[in-house]
Amino acid sequence: MRFRSMACGAAGLVLVAAVGCTGDGDGDTGPTSPPTSARASARTPSATPTPTPANPVSIPGLIQREHRGSDLKLGNVRVRTDAYTQYAVTYEANGLTISGIMNIPRGKGPFPALVLAHGYIDPAVYTSGRGLAREQELLARNGYVVLHTDYRNHAGSDDDPDNDVNLRLGYTEDTIGAVMALRSSGRPEIDGERIGLLGRSMGGGVVYNTLVVAPGLVDAAVVFAPVSSRPDENIDHFQRGDGDPVVAQIDKTHGTPEENPKFWKEASPITYVDRVTEPLLIHHGTADESCPIVWSERTTAAFEKAGKDVELVKYKGEHHTFAPQWPASMETTMDFFEKHLR
């Protein structure tokens, strides 16, 4: 059963599934013979095994967690245009209050909705709604409710002091919570049965995580110039070489990839790509100076090997910011969402 077909009024949802990609077992579940007597059967405890708790700082840990998203509140009007109104918003995600902005199209709803996951911007300089302004504007003008999450530790959101050391997996919780808050809001403008994801750069990695943690949560997903689907590769590329002091904390807390390969395998969404059920569109420029296109090529290959619905569109000569070919990429994006959300 897909999550969106469940009762939308519930504030919480347990995402429970077998985390079977890394198992070493031979499939033997023990004896199958019945007890020798009814008395023996009565004494026999339930055969249902208790799941082994996963490391909370891992994809399996996020899968086992009960995720909650609720209490979407519209605040002050930030912008009014001929096509939409933009509001400051907050919502609850796993016990934290998360801020963001939401564009609501003019006209008669309900409208399909999109949750936008932005790329890395230093939280010290980040301002609410910053990061995907072009996409917010265009998608709202084309009839989508757009909720741009700020993430924890950004703008008016609550703080999570361990988020960086814990590989920023909290951003995935915030994104899942945003979808659930949209779905449970009861607002007439929002069609809770039609929701998609769009992520850029680091936000692309957040989208990957969301797809494997919560299959069935959304209808479709798009990523632009995404980071690697292996967090150890991202840390080496963006942080370790620059001497980021957070890396030393990460190594001390979780071990390096050489010291603790199990941790890093379980932190990678690509390890669990078999769980994904939604179509995915990836945009990447061949001249991306920040996120090498080979990352998206490898991720696409893994999705294809697992039999998933994935498409990688390459833009010759395009850089990380998608300037000259951004209009064309957004036409492709809107065609994709039109197919899966309309």
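Residues numbered from 1 in each chain as written. Predicted model: local features only at pLDDT ≥ 70, side-chain atom pairs only at ≥ 80, totals over all residues. Heavy atoms only, no water.

- An unreviewed UniProt entry annotates the protein as Dipeptidyl aminopeptidase/acylaminoacyl peptidase of Streptomyces umbrinus.
- Reading the Sequence similarities (unreviewed entry) entry of the UniProt record for the protein gives the comment "Belongs to the AB hydrolase superfamily." (UniProt positions renumbered as here; feature names shortened; annotations may be inferred.)

Focus on the overall build of the protein
Okay, step 1: Per the secondary structure count, the protein includes 10 helices and 10 strands.
Okay, step 2: The buried share of the protein, taken over its 342 residues, is 51%.
Okay, step 3: When contacts within the protein are restricted to residue pairs at least 6 apart in sequence, long-range pairs at least 24 apart make up 72% of them.
Okay, step 4: Accessible surface, the protein as shown: approximately 15600 Å² in total, 51% of it carbon and sulfur. (Helix = DSSP H or I, 4+ residues; strand = E, 2+ residues; numbered from the N terminus. Buried < 20%, exposed > 50% of the residue type's maximum accessible area, 1.4 Å probe, protein only. Contact = heavy atoms within 4.5 Å. Areas by Shrake-Rupley, 256 points an atom, 1.4 Å probe, with all protein chains shown as cover.)

As for the pairing of strand β4 (residues 96-105)
Okay, step 1: Along β4, 9 of the 10 residues are buried, which leaves the element largely enclosed by surrounding structure.
Okay, step 2: Of the strand pairs in this sheet, strand β3 (residues 84-93) and β4 are connected by 10 bridges, and their pairing is antiparallel. Bridged to Gln86 within β4 is Asn103.
Okay, step 3: Taking the residues that link successive antiparallel strands as the turn, the β3-β4 hairpin has 2 residues, and the phi of Asn94 there is positive, at about 50°.
Okay, step 4: Relative to strand β6 (residues 145-149), β4 runs antiparallel, the two sharing 4 bridges. Bridge assignment links Met102 to a residue of β6, and that residue is Leu147. (Pairing = 2+ DSSP bridges.)

Overview of the side chain of Asn163
Okay, step 1: Here Asn163 shows up in the loop between β6 and α4 (170-184).
Okay, step 2: Dropping the residues within four chain positions of it, Asn163 is found in contact with Arg152, Asn153, Arg168, Leu169, Gly170 and Tyr171.

Side note on unusual backbone geometry
Okay, step 1: Backbone torsion omega between Gly109 and Pro110 reads 5°, so that peptide bond is classified as cis.
Okay, step 2: Mapped onto the elements of the fold, Pro110 is located in the loop between β4 and β5 (111-117).
Okay, step 3: You will see that Asn153, though not glycine, has its phi angle at about 70°, which is positive.
Okay, step 4: With respect to the helices and strands, the residue Asn153 is situated in the loop between β6 and α4.
Okay, step 5: Judged by its relative accessible area of 22%, Asn153 falls in the partly exposed class.
Okay, step 6: Positive phi values are uncommon outside glycine, yet Ala155 reaches one of about 50°.
Okay, step 7: In this structure Ala155 comes out as partly exposed when scored by relative accessible area, which is 40%.

A few points about the packing of α4 against helix α5 (residues 202-213)
Okay, step 1: Taken N-terminus to C-terminus, the directions of α4 and α5 make an angle of 70°; their axes are 9 Å apart at the nearest point. Taken together, the axes of α4 and α5 lie roughly perpendicular to each other. Two packed elements cross with a definite hand, and for α4 against α5 that hand is right-handed. Listed contacts from α5 to Tyr171, Thr172, Thr175 and Ile176 of α4 are Met202, Val206, Asn209, Thr210 and Val213. (Axes fitted to C-alpha atoms, helices over the stretch in contact; angles between N-to-C directions. Parallel < 35°, antiparallel > 145°, perpendicular 65-115°, else oblique. Left-handed = near helix turned anticlockwise from the far one by under 90°.)

What about the side chain of Thr300?
Okay, step 1: Relative to the helices and strands, Thr300 resides in helix α9 (residues 293-305).
Okay, step 2: Beyond its immediate sequence surroundings of up to four residues, Thr300 is in contact with Ile282, Val310 and Leu312.

Describing the pattern of salt bridges
Okay, step 1: Evaluated as defined, the whole model comprises 18 salt bridges.
Okay, step 2: We note a salt bridge from Arg240 to Asp251, for which the minimum N-O separation is 2.9 Å. Highlighted residues: Arg240 in the loop between α6 (231-238) and α7 (245-254) and Asp251 in helix α7, separated in sequence by 11 residues. (Salt bridge = Lys/Arg side-chain N within 4 Å of Asp/Glu carboxyl O.)

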